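If you want the building blocks of each chain, they are given just below.
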Amino acid sequence: MRPRENEQARPITDFLMEDHRRLEMLLQSAVAHADHVDQGAYAQFRAGLLRHIGMEEKILLPAAQRLRGGEPLLIASKLRLDHGAIATLLIPTPTVAIIAMIRGILKDHNTIEEGPGGLYETCDELAGSEAAKLLAKIQAAPEVTVLPHSDTPTVMNTLHRVLERAGYTFREDEI
Ligand SMILES: [Fe+2]
Ligand SMILES: [Fe+2]
């Protein structure tokens, strides 16, 4: 989306919002068939979302903190807990319950990032004339090495713990 004439450019917001939409479409196509998860689409979604989280965790949040003289954003800790929960949900084989959980978390999480006064708008404002440079760094974020799915009891215990710490409850049997 291009900004209108009298609107301020917001390169970081535009780029990362578009990435959210792209990832939503991938997840949508992964669950397009009621009886199975499309593994190809899910694999693209998983790799894309891990890279997106990496952009925010390793580039955007640290840049925001630096631009605020070392003071982290108030929403940073909540966003980091969500990222941990989402990344952990991407480890096991995707089930209906896991996908529903990811979707639920992402819905509110993305709203916090995209909304007025949210992470992206704040970062565009903080970066000001440096926004294009920051965007270039974000765009250069490396692909993430994605490990095979794992469903061991240790993974599932970790999943429950990480979700709980982030304020979510995972009920495999409810869906
Ligand atoms: Fe995020
Ligand atoms: Fe995001």
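Structure's up top.
Bear in mind the structure is a predicted one, so any value in this text is a computation, not a measurement.

Engineer: Got a minute to help me understand the overall build of the protein chain in this structure?
Structural biologist: Along the protein chain, the regular secondary structure elements total seven helices and zero strands. Counting from the amino terminus, the protein chain carries its helices and strands in the arrangement α-α-α-α-α-α-α. Compactness check: the protein chain gives a C-alpha radius of gyration of 17 Å against a globular reference of 16 Å for 175 residues, within 12% of the reference. Reported as C-alpha extents along the three principal axes, the dimensions of the protein chain are approximately 50 × 30 × 30 Å. Within the protein chain, the fraction of its 175 residues that count as buried is 42%. As displayed, the protein chain offers around 10,000 Å² of accessible surface, 55% of which is attributable to carbon and sulfur atoms.

Engineer: What is the right way to look at the coordination of the iron ion (ligand 1) in this model?
Structural biologist: Tetrahedral metal sites with four donors have an ideal angle of 109.5 degrees; octahedral sites with six donors have ideal angles of 90 or 180 degrees. Each protein donor to the iron ion (ligand 1) is listed here as Glu56 (OE), His83 (NE2), His109 (NE2) and Glu113 (OE); together their distances run 2.0 to 2.2 Å. Within one chain, the residues serving as donors to the iron ion (ligand 1) are arranged as E-x26-H-x25-H-x3-E. The distance between the iron ion (ligand 1) and the iron ion (ligand 2) comes to 3.4 Å, and Glu56 binds to both of them. Separated by 53 residues along the polypeptide, Glu56 in helix H2 (residues 39-67) and His109 in helix H4 (residues 96-114) bring together distant segments of the chain. Pair check on accessibility: Glu56 and His109 agree, each one buried.

Engineer: What's the story with empty space enclosed by the protein in this structure? I'm lost.
Structural biologist: Regions of empty space are outlined by a rolling probe, equal in size to a water molecule, passed over the atoms. According to the stated counting rule, one finds one cavity of 30 Å³ or more in the structure shown. The volume enclosed by the largest cavity comes to roughly 50 Å³. Every residue lining the largest cavity is listed: His20, Leu23, Glu24, Phe45, Leu49, Leu106 and Asn110. If you list the elements that add at least two residues to the lining of the largest cavity, you get helix H1 (11-30), H2 and H4. Among the elements that make up the lining of the largest cavity, the one with the highest residue count is H1 (three residues). Among the residues making up the lining of the largest cavity, the classes are represented as four nonpolar, two polar and one charged.

Engineer: What's the story with the pattern of salt bridges in this structure? I'm lost.
Structural biologist: Close approach of charged atoms allows side chains with opposite charge to pair. Counted by the stated rule, this structure contains eight salt bridges. Asp82 serves as the salt-bridge partner of Lys78, at 3.3 Å between the closest nitrogen and oxygen. Separated by four residues within a single helix, Lys78 and Asp82 lie in helix H3 (residues 76-89), roughly one turn from each other. Lys78 gets classed as partly exposed once you look at its relative accessible area, which sits at 33%. Via salt bridges that share partners, Arg21, Glu24 and Glu114 belong to a single interconnected network.

About the cut-offs
Residues numbered from 1 in each chain as written. Chains lettered and ligands numbered in written order. Predicted model: local features only at pLDDT ≥ 70, side-chain atom pairs only at ≥ 80, totals over all residues. Heavy atoms only, no water. Helix = DSSP H or I, 4+ residues; strand = E, 2+ residues; numbered from the N terminus. Rg over C-alpha atoms; globule rule 2.2 N^0.38 Å. Buried < 20%, exposed > 50% of the residue type's maximum accessible area, 1.4 Å probe, protein only. Areas by Shrake-Rupley, 256 points an atom, 1.4 Å probe, with all protein chains shown as cover. Donors = N, O, S within 2.8 Å, 3.2 Å for Na, K, Ca; no water. 1 Å grid on protein atoms, 1.4 Å probe; cavity = no way out; pocket = protein on both sides within 12 Å on 5 of 7 lines; lining within 4 Å. Points joined across faces, edges and corners; volume = space filled by probe spheres on them. Nonpolar A, V, L, I, M, F, W, Y, C, P; charged D, E, K, R; others polar. Salt bridge = Lys/Arg side-chain N within 4 Å of Asp/Glu carboxyl O.

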